[in-house]
Amino acid sequence: MKIKRISALAAVLLFLSCATNPFTGKKTMALVPNSQILPMAFQQYNQFLGENKVVKGTSESEMITRVGQKIAKASERWLNANGYAGYLKDYKWEYNLVEDKTVNAWCMPGGKIVFYTGILPIAKTETGIAAIMGHEVAHALANHGQQRMSASQIQQVAGVATAAVISNKSQKTQQIVGTAFGLGSQFGVMLPFSRSHETEADRIGIQLMAIAGYNPDEAANLWRRMKANSGGKAPPEFMSTHPSSDTRIANLTAWAPSARAEAKKFGVTTFK
């Protein structure tokens, strides 16, 4: 009876807690509402800035802000044109460059963005920055953080349910099943889930950079530089949270013409 109650509760929560991805039209998991996520994100962002060296008043930091504002405007234009006016009403856009050799950038829910100085040589140009910015903003716009939190909660419920089912089995059986569940949920569910988010963010991001007036062809070139920088040390794709560089390069190359066509709908026909 216990396992049935847990499963029924999970099903009800999943049914009642859905959001819509404006870029795909698909229903997505939203067990944790944005009314809870955004205040937490803003607090964590401010804490992060307080604990790290924020670069201010340089040409690079000003470029991060300039590109970020263009991508934010492109996002708003696309959302308004596609029936999602007001979608960004709770966003508090902020763009910061942080002194750190790590090759990374990220956007928290609600539009809180950080670029590390370590990624600038690979971005190379303002258009490279736009490709990264579009991708990171896309994660926030598509509520990927919310979905990951929801998926983690479901994974925890499933783990409890599995433990309840095998609670009367031998310790060895419990260990085997527990290990199998952990590996199966990680490699069969969570990692593919994460890779799908990365692919989705790539597709949304290349459209946003084009609407913002940046050449979408440069997105694939950025990932060629990312691949060269990694030196071929990336794990196999099925073990990674991200698609392989080759997969991303192929995808972005294929999507560039449609990104140009999308930008043309907004009067954008020349690109930086």
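On a predicted model such as this, the values are computed, not experimentally measured, just so you know. (Residues numbered from 1 in each chain as written. Predicted model: local features only at pLDDT ≥ 70, side-chain atom pairs only at ≥ 80, totals over all residues. Heavy atoms only, no water.)

(A) Focus on the sheet that holds strand β5 (residues 105-108). Ordered by their spatial adjacency, four strands build an open sheet running β3-β4-β6-β5, and the pairing between neighbours is mixed. Each edge of the sheet is formed by a strand with only one pairing partner; in this case those strands are β3 (54-55) and β5. Direction of pairing for β3 relative to strand β4 (residues 94-98): antiparallel, over a ladder of two bridges. Among the inter-strand pairings, Val54 is bridged to a residue of β4, identified as Val98. In the packing of helix α2 (residues 34-51) onto the sheet, contacts are made with β3, β4, β5 and β6 (112-116), and the angle to β6 comes to roughly 30°. Taken strand by strand, helix α5 (residues 126-141) contacts β5 and β6, and its axis lies near 30° from that of β5. (Pairing = 2+ DSSP bridges. Helix = DSSP H or I, 4+ residues; strand = E, 2+ residues; numbered from the N terminus. Contact = heavy atoms within 4.5 Å. Axes fitted to C-alpha atoms, helices over the stretch in contact; angles between N-to-C directions.)

(B) Examining the side chain of Lys112 more closely. Mapped onto the elements, Lys112 comes out in strand β6. The exposure class of Lys112 is buried, given its relative accessible area of 7%. Within polar-contact distance, the side chain of Lys112 engages the backbone oxygen of Lys92 at 3.1 Å. Within the local environment of Lys112, its side chain forms a polar contact with the side chain of Glu94, the two groups lying 3.0 Å apart. Lys112 has contacts with Phe42, Tyr45, Lys92, Glu94, Trp106 and Cys107, leaving out every residue within four places of it along the chain. (Buried < 20%, exposed > 50% of the residue type's maximum accessible area, 1.4 Å probe, protein only. Polar contact = N/O pair within 3.5 Å; in protein donor to acceptor, adjacent residues only side chain to side chain.)

(C) Representation of the packing of aromatic side chains in the model. Per the counting criterion, the structure on display carries seven aromatic pairs. Judged by centre distance (5.0 Å) and plane angle (80°), the rings of Phe48 and Trp106 are edge-to-face. Remark: Trp106 occurs in strand β5 and Phe48 occurs in helix α2; sequence separation between them is 58 residues. With a relative accessible area of 18%, Phe48 lands in the buried category. Judged by centre distance (6.4 Å) and plane angle (15°), the rings of Trp93 and Tyr95 are stacked. Classification of Trp93 as partly exposed rests on a relative accessible area of 25%. An aromatic cluster is defined as three or more aromatic residues linked by ring pairs; in this entry it consists of Tyr45, Phe48, Trp106 and Tyr116. We note Lys112 situated over the ring of Phe42; from NZ or CZ to the ring centre the distance is 5.0 Å. (Phe/Tyr/Trp six-rings, centres within 6.5 Å; stacked < 30°, edge-to-face > 60°. Lys NZ or Arg CZ within 6 Å of the ring centre and 35° of its normal.)

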